[in-house]
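Notes for the structure review
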Amino acid sequence: MADAETIITTRRIAVSLLPAPYSIFSISKGEYGRDTCLPFNWFLMSEIFSLKSSGAEPNFFQYSETDKEYSLIFERDSCQTFLSSYGTHFSTSSQCVDKPLLQQSEHTWRAIEIFVGVSASVDSGIVRSFAVPLAERKIPLLVVSTYSSDLVLVPEHVLDLALDIIRSLFSNVSAESPARPAASLTVGSRKKAIDSLLNRTNEKISMLETSVAVSRVQKSTVRQHMNAFMKTLFFSGDHRAFFFTMCDQEVTIIAEASLLSVLASQLETQDFLFTDQLWHSFHRQAEPLEVGVVSNLSSYFADLGLSIFYLSTFQDAFILVGEEGLQHVLAEPSSELQARTAVKP
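Residues numbered from 1 in each chain as written. Predicted model: local features only at pLDDT ≥ 70, side-chain atom pairs only at ≥ 80, totals over all residues. Heavy atoms only, no water.

Structural notes on the pattern of salt bridges
The final tally for this structure, using the stated rule, is five salt bridges. Residues Glu-290 and Arg-284 are paired through a salt bridge, measuring 3.2 Å at the closest nitrogen-oxygen approach. Glu-290 sits in the partly exposed class, given a relative accessible area of 28%. Among the residues examined, Arg-284 registers a relative accessible area of 16% and is labelled buried. (Salt bridge = Lys/Arg side-chain N within 4 Å of Asp/Glu carboxyl O. Buried < 20%, exposed > 50% of the residue type's maximum accessible area, 1.4 Å probe, protein only.)

Given below as structure tokens:
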């Protein structure tokens, strides 16, 4: 595993460039069951957790499963190895209906890690702070929030410009961002808060019915308990939203709370950490090269003062909002909320 290149280090924020180029591709679920992707999942596990003989380990990868796709962000060379080995299982043409459709981004991507020192969700404006200026320069980006940091992916041909923008943004950052106190919602107030969010944006946002939990575990624990992870996460049930992200030695898992509770009970380890609240998942259809999606969504939720996790897949952009944030939206006077989130000309 090659070392990341340090771009900025301040008292509060560290920014680094991961060494490998990345690819992103998607396998559409369609009418096919999870069994279709068994070889896909076994390949991922062997690559990621060094079951292969070379022992090489990636710095970062993300596996996402939603109701319509399996999305993968992974090192370019390993993606090519996968496509060479298992490409015949899938179709690259939407005209072919006998196999699941596989789509791949035409660009090579580079990953920039922004580490804020605590759970990335504490800072409601960190994603917006880099997404808006990048969008102003017409730079497309994907964002993957983990338990501790945010990964920003940009096409390789605009990497130097993106790094210049990020350097100028974060070189003098020093202020602390306070965490909002936890709060609980009743069923009725939760619905009102969600409706308030959906009705006050021009973006076509929808919400998943099931709330999710955000957890963190060390990579060594995943390797030690590989069978439990594979059985519980990859080969059981039919999850509507499941995100598995590795960055360096830390793995962030976002899934239904009941699923993660089952997994935690099997591991018998104190290494499994959870955020102190459940999260509600909002999403919008998005293309990998679509400019402005991250800036628009992150700005809207930041204007509401909400802490978020942001997750890009091949076909969608996901925003996770905590229960405490929904309580905050509900408590704010409607006139103030409308003024702060009004679409600016």
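So, helix α4 (residues 159-170)
Between its first and last C-alpha, α4 extends 16 Å over twelve residues, near the 16 Å set by a 1.5 Å rise per residue. Buried within α4 we find Leu-159, Ala-162, Leu-163, Ile-165, Ile-166 and Phe-170. Along α4, the residues classed as buried sweep out an arc of 165° about the axis, all on the same side. For α4, the exposed residues lying more than 90 degrees away from the buried face are Asp-160 and Ser-168. Among the structural elements, β1 (5-9), β2 (14-28), β6 (109-115), α3 (126-136) and β8 (149-155) are those in contact with the buried residues of α4. (Helix = DSSP H or I, 4+ residues; strand = E, 2+ residues; numbered from the N terminus. Expected span 1.5 Å × (residues − 1). Arc of directions from axis to C-beta. Contact = heavy atoms within 4.5 Å.)

Quick notes on the packing of helix α7 (residues 226-234) against helix α8 (residues 257-267)
When two helices pack together, their arrangement is given by the angle between the helix axes and the distance between those axes. Packing of α7 against α8 leaves a shortest axis separation of 10 Å and a crossing angle of 165°. Compared by their axis directions, α7 and α8 come out roughly antiparallel. Here α7 and α8 pass one another in a crossing that is right-handed. Here α7 contributes Ala-228, Phe-229, Thr-232 and Leu-233 to the contact with α8, which in turn contributes Leu-259, Leu-260, Val-262, Leu-263, Gln-266 and Leu-267. Of the residues in the contact of α7 with α8, the class split is eight nonpolar, two polar and no charged. (Axes fitted to C-alpha atoms, helices over the stretch in contact; angles between N-to-C directions. Parallel < 35°, antiparallel > 145°, perpendicular 65-115°, else oblique. Left-handed = near helix turned anticlockwise from the far one by under 90°. Nonpolar A, V, L, I, M, F, W, Y, C, P; charged D, E, K, R; others polar.)

Let's talk about the packing of aromatic side chains
For the coordinates displayed, the defined rule picks out eight aromatic pairs. A ring pair is formed by Tyr-63 and Tyr-70, whose centres lie 6.5 Å apart and whose planes are at 45°; its orientation type is tilted. Take Tyr-63: its relative accessible area is 0%, and that puts it in the buried class. With a centroid separation of 5.2 Å and an interplanar angle of 10°, the aromatic rings of Phe-272 and Phe-274 are classed as stacked. Since its relative accessible area comes to 35%, Phe-274 is described here as partly exposed. (Phe/Tyr/Trp six-rings, centres within 6.5 Å; stacked < 30°, edge-to-face > 60°.)

Points about the nonpolar core
Counting 40 residues, the largest nonpolar core has Val-15, Phe-130, Phe-170, Phe-301 and Tyr-310 as its most contacted members. Of all the elements, α4 adds the most residues to this core, at six residues. Not counting residues up to four positions away in its chain, the partners in contact with Phe-130 are Ile-114, Leu-141, Val-143, Val-152, Leu-169 and Phe-170. Formed by 32 residues, the second largest nonpolar core is a distinct cluster that contains Tyr-63, Tyr-70, Ala-228 and Met-246. (Core = buried A, V, L, I, M, F, W, Y, C linked by side-chain atoms within 4.5 Å.)

Quick word on α7
Within α7, seven of the nine residues are buried, which leaves the element mostly enclosed by the surrounding structure. Taken together, the buried positions of α7 are occupied by Met-226, Ala-228, Phe-229, Met-230, Thr-232, Leu-233 and Phe-234.

With respect to unusual backbone geometry
One non-glycine residue with positive phi stands out, namely Lys-138, at about 65°. Tracing the backbone through its elements, the reader meets Lys-138 in the loop between α3 and β7 (142-145). Taking the relative accessible area as the measure of exposure, Lys-138 reaches 64% and is therefore exposed. Although it is not a glycine, Asp-248 sits at a positive phi angle of roughly 55°.

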